[in-house]
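Architecture and fold: a report
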Amino acid sequence: MAFIFPFILICALGFSMGYSMAFPGAFCLGTIAVGINTLPSTIIDFKKSSLLKRISVTPIKPIRILLSICLFYLLIMVCSVIVMTSLTMLIFINYWNIGQNIDFAGTSLNMPSMQEVFANVNWGEYAYCIFIIIILSLSCGLALSALFRSAGSIQAFSIMIVVLTILLSGLALPNAVIRNTPTLWYLGYILTPFKSIITSAFEAWNGSYHQFANPSDLPEFLNWDPNWYQMMNLQGSNIFDFTKNYSVYSTLMFPGMQPFQKIDILNGQEKMATVALPFAWIVLLFIVTMKKFKWTNR
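To start, this report covers the structure provided alongside it. (Residues numbered from 1 in each chain as written. Predicted model: local features only at pLDDT ≥ 70, side-chain atom pairs only at ≥ 80, totals over all residues. Heavy atoms only, no water.)

Attention shifts here to helix α11 (residues 182-191). Residues of α11 that are buried: Trp185, Gly188 and Tyr189. Projection of α11 onto a plane perpendicular to its axis shows the buried side chains occupying an angular sector of 100 degrees, all on one side. Exposed residues pointing more than 90 degrees away from the buried face of α11 are listed as Thr183 and Ile190. (Buried < 20%, exposed > 50% of the residue type's maximum accessible area, 1.4 Å probe, protein only. Helix = DSSP H or I, 4+ residues; strand = E, 2+ residues; numbered from the N terminus. Arc of directions from axis to C-beta.)

A surface patch of nonpolar side chains, about 620 Å² in accessible area, is lined by Phe3, Ile4, Phe7, Ile8, Val83, Leu87 and Leu90. Listed by contribution, the elements that provide at least two residues to the nonpolar patch are α1 (4-16) and α5 (62-91). (Patch = residues over 30% accessible without salt bridge, like charges linked within 9 Å, V, L, I, M, F, W, Y side chains within 5 Å. Areas by Shrake-Rupley, 256 points an atom, 1.4 Å probe, with all protein chains shown as cover. Salt bridge = Lys/Arg side-chain N within 4 Å of Asp/Glu carboxyl O.)

Below, the discussion takes up the environment of Val163. Considering the arrangement of structural elements, one finds Val163 in helix α9 (residues 151-168). Relative accessible area serves as the criterion here: at 40%, Val163 is assigned to the partly exposed category. A C-alpha to C-alpha distance of 9.4 Å links Val163 and Thr192, two positions 29 residues apart in sequence.

Quick look at the pattern of salt bridges now. Counting across every chain of the model gives two salt bridges. Between Arg179 and Glu270 there is a salt bridge, with the nearest N and O atoms lying 3.3 Å from each other. Taken together, the positions of Arg179 in helix α10 (residues 175-179) and Glu270 in helix α14 (residues 268-292) put the pair 91 residues apart, joining distant regions of the chain. The burial state of Arg179 is the same as that of Glu270; both residues are buried. For the salt bridge of Lys271 with Glu203, the shortest nitrogen-to-oxygen distance reads 3.0 Å.

The next thing to look at is the packing of aromatic side chains. Evaluated as defined, the whole model comprises eight aromatic pairs. The positively charged end of Lys47 is found above the aromatic ring belonging to Phe293, 4.7 Å away from the centroid. The ring of Trp185 carries Lys195 above its face, with NZ or CZ at 3.3 Å from the centroid. (Phe/Tyr/Trp six-rings, centres within 6.5 Å; stacked < 30°, edge-to-face > 60°. Lys NZ or Arg CZ within 6 Å of the ring centre and 35° of its normal.)

This part covers the side chain of Thr165. Inspection of the secondary structure assignment puts Thr165 in helix α9. There is a polar contact of 2.7 Å between the side chain of Thr165 and the backbone oxygen of Ile161. If we skip the residues at most four places from it in the chain, Thr165 touches Ile32, Leu171, Thr192, Phe194 and Ile198. (Polar contact = N/O pair within 3.5 Å; in protein donor to acceptor, adjacent residues only side chain to side chain. Contact = heavy atoms within 4.5 Å.)

Function cannot be inferred from these measures alone, as they are strictly geometric.
Okay, structure coming up:
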């Protein structure tokens, strides 16, 4: 969950849709999976064993066991992000200077080099998003360990959350595709707590993204119009700047969409709600944990 599954997803999306589209969400997928699957399953195993009963007659308090488990998996989450980022750079190192060609509908699109993509990332904002994802994953894991009594139930429920997160948060389909169906877009905020913060992570990653490195890279049917080149480059997007919309330029054509069209992902009010929503989820999950958590399943 922490290393193998994210690695497979990064390779699949990176070579099919381009690394600039696949990386920001895939980097944190291992963190989410560990937080909502492995962490609560481990706590349930402790609660089912006689270990806590034996610890209760010692000076060690059970809360220290819980904190130790959370700290251990916190380190695993951080290692997952670091390892996935490092492996990705090794896998796609050939595109560091020359950029990646993506074949779409018979047209070869020359995407920016990985060096250019990394240079345009708002790294401070992206690190903030990763931090919130880690805290939210831990909160989800603790809440699940409080609500369920068996590891099997936790694993079934957590896999459902992971699948919904992949489908509705832009990990498998671009944000432009999901946003084109408003019902699906807004339903994601309800069905997965990670939708909002992953959307912010995409904006931080694509903050100054250039769809095409040079005007000459535009497809032939656009006649290399410099105006198109200017339109297909994002300029200075910031997740905390609520006066600017978060917009992307889609190069994919799905039902109801045309290629190379501007799509507003979030307006100012939606950006404000997207930034605030993860904290609402964390508070809600903390309240559930405090009310429902017990040291034993009996």
